[in-house]
Structure formats: structure tokens, C-alpha cells
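Inside the fold
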Amino acid sequence: MKAFKFLMMAFAISIMVSGCNSQSKENAVATTDEKSEMPYVSESGIGDLEIGTSLTECLIAKDCSWIPTKEEIETNDEEKFDFYNKMGIKQMVLGDGRPYITLYKDNELMAALDCGALLDNGIYSTNVDRIIAYSPKLKMANGIHTGMSAKELVEKFGAEIQYSEGADAEILSFKIADTPSNIILIASAKSINREKIDSQSGNTDTEFYLQLDDVEDCKLSAIVIEQNQDSYGTY
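Below is a summary of the structure that appears in this document. Just so it is clear, the structure is predicted and the values come from calculations on it, not from any experiment. Counting restarts for each chain: residues are numbered from 1 in the order of the written sequence. Predicted model: local features are reported for residues with pLDDT of at least 70 only, side-chain atom pairs are reported and counted for 80 or more only, and whole-chain, interface and lining totals are derived from all residues. With hydrogens and water stripped out, all remaining heavy atoms of the structure feed into the side-chain values.

It is worth spelling out the overall build of the chain at this point. Note on conventions: DSSP H or I runs of at least 4 residues are helices, E runs of at least 2 residues are strands, and numbering of each starts at the N terminus. Each helix and strand in the chain was counted, giving five helices and 14 strands. The 235 residues of the chain split such that 42% are buried. Note on definitions: a residue-residue contact is assigned when non-hydrogen atoms from the two residues lie within 4.5 Å. Pairs at least 24 residues apart make up 62% of the contacts formed inside the chain by residues separated by at least 6 positions. All accessibility values rest on the Shrake-Rupley procedure with a 1.4 Å probe; residue burial counts only the protein chains present in the view. Accessible area for the chain stands at about 12,900 Å²; split by element, carbon and sulfur atoms hold 47% of it. Throughout this description, buried means an accessible area under 20% of the type-specific maximum (1.4 Å probe, protein chains only), exposed means over 50%, and partly exposed covers the range between.

Here it is, written out as C-alpha cells:
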């Protein structure tokens, strides 16, 4: 069986520019298993970082020398959002070269921001279009987080494993009751039952559900928060 490839973030990386920002603060929703407090993932975003937020609000600005010193770049006292302390940017070869702002807590990738207009509009005219949570420390209110196995999601939350196939890509995801419509629970798997897929796939778009024994080492790999269609175009 061939390995399943995740549509949204499996693009080859062409550019990576490391950034640096502030120390994080700890004043969000408390969890029982983490020393540092983390905000919830919701249909609006991650804590106070919401869809539609201006990109300038996510970045750290600081007065510095005309040619900033290494120390000025590496350290900053200003606080922005409370779950990351380092940033970068990755531009993908595919997907029209869309740039993703990466948010790190030390060396752990916490989330990424899709800012599609950044290349055309620049920082001051760009809002966050999509937020992708990667860290298992960023949880939804019901406790769902990345890294959870398909078996756990099926047994505890009644999840269904959905396979979707279009002209250019295939997507594996979890469907769970009461999950907001603008949140996509992206799954990854070491392999999937290609024979079952091939038997149901046709020349048009395909969408159907798989069973646990159809996927190997399947887990929740990303929580994608899209623009809510009800508020689209209001910012």
C-alpha cells in the first residue's frame, strides 16, 4: 500500500526564514496536564488569536538600532499571544506559493497561520485567513487534540473516518458530531486500504467513510480553523 499524503501541508518547502519574538505569558485557560497554561482551540481561532486578525497583531515590533544588534533581534519584552515565543515563515512550492507564518514554543511547532494575501498586499494589509493547530497542547474544549489515535476518537467521540478524493488530491479527516462546521480535523495514516478506495473511486469526486481496519497508524494530525462563512467578508 502506498503511504497516504496529507493534502494541505505536504508541500515541498522552498523558503524558510527564521524569525524571533517574545517570551510567552501564561494567562489563558488552564489545563490539568501542562505546567504552562494554553488557550482553547475553537471555531474562532486559538484563544485571542482569531481568524481575521491583522497579521501585524501577530508579529512583534520593537524599537531598535538602524542596523539592529543580534541581541535586539533575539530578545524582546513585548508580549503578543500567549502560546508561542518564536516565529518564522514558510513558502510552499505548490498551492500557488502560499506563505505560512509558523508559530513555535521554543522548538515545538504550535500552529501555523495561512496569510494568502501576504505576497500581494504586504504585512500591513493582510489578515489571517486560516489557523492550523499542530501541537497536542492546544486542545478543543471537549479535550480533542492532535496526536489522538483514530481508535480513541472513534471510541470516545464517535468519530467517523472520511476519505475524500478530487481531481488533484486526497484528504483523510475525522467527522465528529457537534464540531463547528468551519473546523476540519485532518487525519494522517501510514497506509490506507487502497483496494477499498479503488473499488469505490470513479472519474468524479469521491467521498466515503472508512473503518478502523482500513487505516494503519491513523491519528489526528492537524486541526484546521477556516473562515466562518457567516462572517466572511466582514473584516
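The next subject is the environment of isoleucine 131. The residue isoleucine 131 is located in strand β7 (residues 130-133) in this model. Look past the residues within four positions of isoleucine 131 in its chain and what remains in contact with it is Gly45, Ile46, Leu49, Glu50, Ile51, Ala112, Leu113, Ile223, Val224 and Ile225.

Two side chains bearing opposite charge may form a pair once their charged atoms approach each other closely. Put simply, a salt bridge is a Lys or Arg side-chain nitrogen that is within 4 Å of an Asp or Glu carboxyl oxygen. Per the stated rule, a full pass over the model turns up eight salt bridges. Residues lysine 137 and glutamate 108 are paired through a salt bridge, measuring 3.0 Å at the closest nitrogen-oxygen approach. Of the two residues, lysine 137 sits in the loop between β7 and α4 (150-157) while glutamate 108 sits in strand β6 (residues 108-114), which places them 29 residues apart along the sequence. Judged by its relative accessible area of 25%, lysine 137 falls in the partly exposed class.

Bringing the pairing of strand β5 (residues 99-105) into the picture now. Along any regular strand the residues' side chains alternate between the sheet's two faces. Counting buried residues along β5, seven of its seven residues qualify, which places the element largely inside the surrounding structure. On β5, burial covers both faces: Pro99, Ile101, Leu103 and Lys105 on one face and Tyr100, Thr102 and Tyr104 on the other are all buried. Pairing between strand β4 (residues 86-92) and β5: six bridges, direction antiparallel. Considered in β5, the bridge of methionine 87 is made with leucine 103. Here the rule is simple: two strands pair whenever DSSP picks up at least two bridges between them. Where β5 meets β6, six bridges bridge the pair, whose relative direction is antiparallel. By the bridge assignment for β6, tyrosine 104 is matched with leucine 109.

Here we take up unusual backbone geometry. Phi is positive for aspartate 178, close to 70 degrees, though the residue is something other than glycine. Looking at the secondary structure, you find aspartate 178 in the loop between β9 (170-175) and β10 (183-188).

With six bridges connecting them, strand β8 (residues 160-165) and β9 associate as antiparallel partners. Paired with glutamate 165 across the two strands is glutamate 170, which belongs to β9. The sheet contact formed by β9 and β10 spans two bridges and is antiparallel. Paired with serine 173 across the strands is isoleucine 186, a residue of β10.

Bringing the environment of isoleucine 184 into the picture now. Looking at where isoleucine 184 falls in the secondary structure, it is placed in strand β10. By relative accessible area, which is 27% here, isoleucine 184 ends up partly exposed. Put simply, isoleucine 184 and isoleucine 223 are 39 residues apart on the chain and 6.0 Å apart in space, counted from C-alpha to C-alpha.

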